[in-house]
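Chain residues, written in single-letter form:
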Protein chains: 2
Amino acid sequence: MAGRGAETGVAARLRFLAEADRLKSVMRAGRIHSGRRENSAEHSWHLALYALILAPLAGEGVEIGRVIRMLILHDLPEIDTGDVPIHSGNGLTHHGAAQMAAEEAAAARIFGLLPGELSREFRALWDEFEANETPSSIFANALDRAQPVMLNIACGGGTWTEYQVTRQQLQDRVGVKIQRGMPELWDWLLQRSDGMLAG
Amino acid sequence: MAGRGAETGVAARLRFLAEADRLKSVMRAGRIHSGRRENSAEHSWHLALYALILAPLAGEGVEIGRVIRMLILHDLPEIDTGDVPIHSGNGLTHHGAAQMAAEEAAAARIFGLLPGELSREFRALWDEFEANETPSSIFANALDRAQPVMLNIACGGGTWTEYQVTRQQLQDRVGVKIQRGMPELWDWLLQRSDGMLAG
Ligand SMILES: [Ca+2]
């Protein structure tokens, strides 16, 4: 282990993986089938599965392997910041300047735990996801918005009821991103959410 | 959505993704940093991250993308069977004939929810993982054994204390698979587990 272990920074990699364990304690607003709130680690797993299963809906230029890597790591900065529910604070908190600055600092700390090259690779994937401009990140962001919609549909309203979300608010906060990455899916989801929205 | 939606079996895919949500309620023996037991969905996420981070330790012929796909789906049959702790029943229950038959039936039901081609692809990946013969599956199985070892090291013993696991038992139940996929890592892990084992 001596030589190659040092080269590849195994100790640092294992410390990072131990730190990542904390994502399992970051709680989201949405609820799983059993009624308890979802955590960000299992949410990230579900998204990776979404990517595999909904790959045929992906647009041109989407690399599913890249999407999955992005989804696996995209929430890691929440270890420091927590998850901000998309419908909280009248929908304004989620991408507020303060929240985005905090997430930047968290990304710097957490991806900074990794050895040089891998650290840069993870940070670049996270930046790509956040910028939402490449085909792969547009698809990844659409999945990240679609999965909570599916959880709400499964339980008959969920966070929509909790935050009294209207159809227009859902369109603005969630629909835009889903439509951009998976236009076919949005109509389907909207149809099935009928009667669960506030107006 | 009409034409392409039907072709790609979107409704079936979404039903499968809703069913997969139940993996978040399958509880494992090991405990995360906070002290609560880990569930199989967040465990699967952690394994996918392990694959990305420990890729430099993979042997020849290992395709990391394939490893990640395998790890994302490998525990889905536990939705029907539950997880059998590797150190329970004196280490004999985990790969007992009854358990393996139950997992076969569960894999048939759960992957059978998917449209034809995807169903076959998922089942083939699951079979490959279980057979543990290809380079990618050998690496995936090594990760599946290494991550719980890391959780036990992080909490000073965990399931080893609970099941009074000896060094030899750990070698037989866990070490063999880790050594096969990541020979360099096993020494490292064994060294750090010193004093936490029953004998
Ligand atoms: Ca398992």
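You'll find the structure just up there.
The present account deals with the structure reproduced in this document. (Residues numbered from 1 in each chain as written. Chains lettered and ligands numbered in written order. Predicted model: local features only at pLDDT ≥ 70, side-chain atom pairs only at ≥ 80, totals over all residues. Heavy atoms only, no water.)

**Some thoughts on the packing of aromatic side chains**
Summed over the entire model, instances satisfying the criterion amount to 6 aromatic pairs over all chains. Both rings, one in Phe 16 of chain B and one in Phe 122 of chain B, keep their centres 6.1 Å apart while their planes meet at 90°; by these two values the pair is edge-to-face. Placement of Phe 16 of chain B in helix α2 (residues 10–20) and of Phe 122 of chain B in helix α7 (residues 116–131) is noted, with a sequence separation of 106 residues between them. An identical accessibility class is assigned to Phe 16 of chain B and Phe 122 of chain B; each is buried. Feature note: the residues Phe 16, Phe 111, Phe 122 and Trp 126 of chain A constitute an aromatic cluster, connected by ring pairs. Its guanidinium or amino end placed over the ring of Trp 188 of chain A, Arg 192 of chain A lies 3.3 Å from that ring's centre, counting from NZ or CZ. (Phe/Tyr/Trp six-rings, centres within 6.5 Å; stacked < 30°, edge-to-face > 60°. Helix = DSSP H or I, 4+ residues; strand = E, 2+ residues; numbered from the N terminus. Buried < 20%, exposed > 50% of the residue type's maximum accessible area, 1.4 Å probe, protein only. Lys NZ or Arg CZ within 6 Å of the ring centre and 35° of its normal.)

**Let's talk about the side chain of Arg 145 of chain B**
Residue and element names in this part refer to chain B. One can find Arg 145 in helix α8 (residues 135–154). A polar contact of 3.5 Å, which involves the side chain of Arg 145, links it to the side chain of Asp 144. From its side chain, Arg 145 meets the backbone oxygen of Arg 173 in a polar contact 3.4 Å long. (Polar contact = N/O pair within 3.5 Å; in protein donor to acceptor, adjacent residues only side chain to side chain.)

**Some words on the pairing of strand β1 (residues 27–31) of chain A**
Moving residue by residue along a regular strand, the side chains alternate between the two faces of the sheet. Residue and element names in this part refer to chain A. With 2 bridges connecting them, β1 and strand β2 (residues 37–39) associate as antiparallel partners. Directly across from Arg 31, in β2, lies its bridge partner Arg 37. Taking the residues between adjacent antiparallel strands as the criterion, β1 and β2 are bridged by 5 residues, where Gly 35 takes a positive phi near 105°. (Pairing = 2+ DSSP bridges.)

**Considerations on the relation of the copies chain A and chain B**
If you rotate chain A by 180° and push it 0.0 Å along the axis, it lands on chain B with an RMSD of 0.0 Å. As the rotation angle and translation indicate, the two copies are arranged about a two-fold axis. A symmetric contact is evident, with 100% of the interface residues of chain A recurring at the interface of chain B. (Least-squares fit on C-alpha atoms with pLDDT ≥ 70 in both. Contact = heavy atoms within 4.5 Å.)

**What about the layout of surface pockets?**
Residues and elements named next belong to chain B. Roughly 510 Å³ of volume is contained in the largest pocket. Lining the largest pocket are 33 residues; nearest its centre among them are Arg 28, Asp 83, Val 84, His 94 and Arg 145. If you list the elements that add at least two residues to the lining of the largest pocket, you get β1 (27–31), α6 (97–111), α7, α8, α9 (159–162) and α10 (167–181). Per-element accounting of the lining of the largest pocket gives the leading share, 6 residues, to α8. (1 Å grid on protein atoms, 1.4 Å probe; cavity = no way out; pocket = protein on both sides within 12 Å on 5 of 7 lines; lining within 4 Å. Points joined across faces, edges and corners; volume = space filled by probe spheres on them.)

**What to know about the interface of chain A and chain B**
Contacts between the two partners involve 49 residues from chain A and, on the opposite side, 49 residues from chain B. At the boundary of chain A with chain B, total buried surface from both sides reaches about 4600 Å², with 73% on carbon and sulfur atoms. In this structure, the connection of chain A to chain B is made through 2 salt bridges. The residue Glu 38 of chain A makes a salt bridge to Lys 24 of chain B at a minimum N-O spacing of 2.8 Å. On the surface where chain A and chain B come into contact, there are 18 residue pairs in polar contact (both at pLDDT 80 or more). Elements with a minimum of two residues in the side of chain A that touches chain B: α1 (2–8), α2 (10–20), β2, α3 (40–53), α4 (64–73), α7 (116–131), α8 (135–154) and α11 (183–192) of chain A. The element best represented in the side of chain A that touches chain B is α3 of chain A, accounting for 10 residues. When the residues that make up the side of chain A that touches chain B are grouped by side-chain class, the tally is 30 nonpolar, 9 polar and 10 charged. (Buried area = accessible area lost by both parts, 1.4 Å probe. Salt bridge = Lys/Arg side-chain N within 4 Å of Asp/Glu carboxyl O. Nonpolar A, V, L, I, M, F, W, Y, C, P; charged D, E, K, R; others polar.)

**Observations concerning empty space enclosed by the protein**
Residue and element names in this part refer to chain A. Overall, the coordinates contain 1 cavity of 30 Å³ or more when judged by the stated rule. Of the voids in this model, the largest cavity is the one considered here, and its volume is about 520 Å³. Together, 35 residues line the largest cavity, and Arg 28, Asp 83, His 94, Asp 144 and Arg 145 are the ones closest to its centre. A total of 8 residues in the lining of the largest cavity trace back to one element, the largest contributor, which is α8. Here the lining of the largest cavity is built from residues that sort into 14 nonpolar, 11 polar and 10 charged.

**Quick look at the side chain of Ser 119 of chain A**
With respect to the helices, strands and loops of the structure, Ser 119 of chain A is situated in helix α7. Contact partners of Ser 119 of chain A, with chain neighbours within four places excluded, come to Phe 111, Gly 112 and Leu 114 of chain A.

**Let's talk about the coordination of the calcium ion**
Those donors, Asp 75 of chain B (OD) and Glu 78 of chain B (OE), are the protein atoms that reach the calcium ion, and they lie 2.6 to 2.7 Å from it. For Asp 75 of chain B, a relative accessible area of 6% translates into the label buried. (Donors = N, O, S within 2.8 Å, 3.2 Å for Na, K, Ca; no water.)

**Some thoughts on the pattern of salt bridges**
Summed over the entire model, instances satisfying the criterion amount to 28 salt bridges over all chains. Here Lys 24 of chain B makes a salt bridge to Asp 21 of chain B, at a shortest N to O gap of 2.6 Å. Assessed through its relative accessible area of 4%, Asp 21 of chain B is described here as buried. Its salt-bridge partner being Arg 123 of chain B, residue Glu 104 of chain B comes within 3.0 Å of it at the nearest N-O pair. Of this pair, Glu 104 of chain B sits in helix α6 while Arg 123 of chain B is found in helix α7, placing the two residues 19 residues apart along the sequence. Residue Glu 104 of chain B is classed as partly exposed on the basis of its relative accessible area, which comes to 41%. Residues joined by salt bridges that share partners form a network here, namely Asp 21 and Lys 24 of chain A together with Arg 28, Glu 38 and Asp 83 of chain B.

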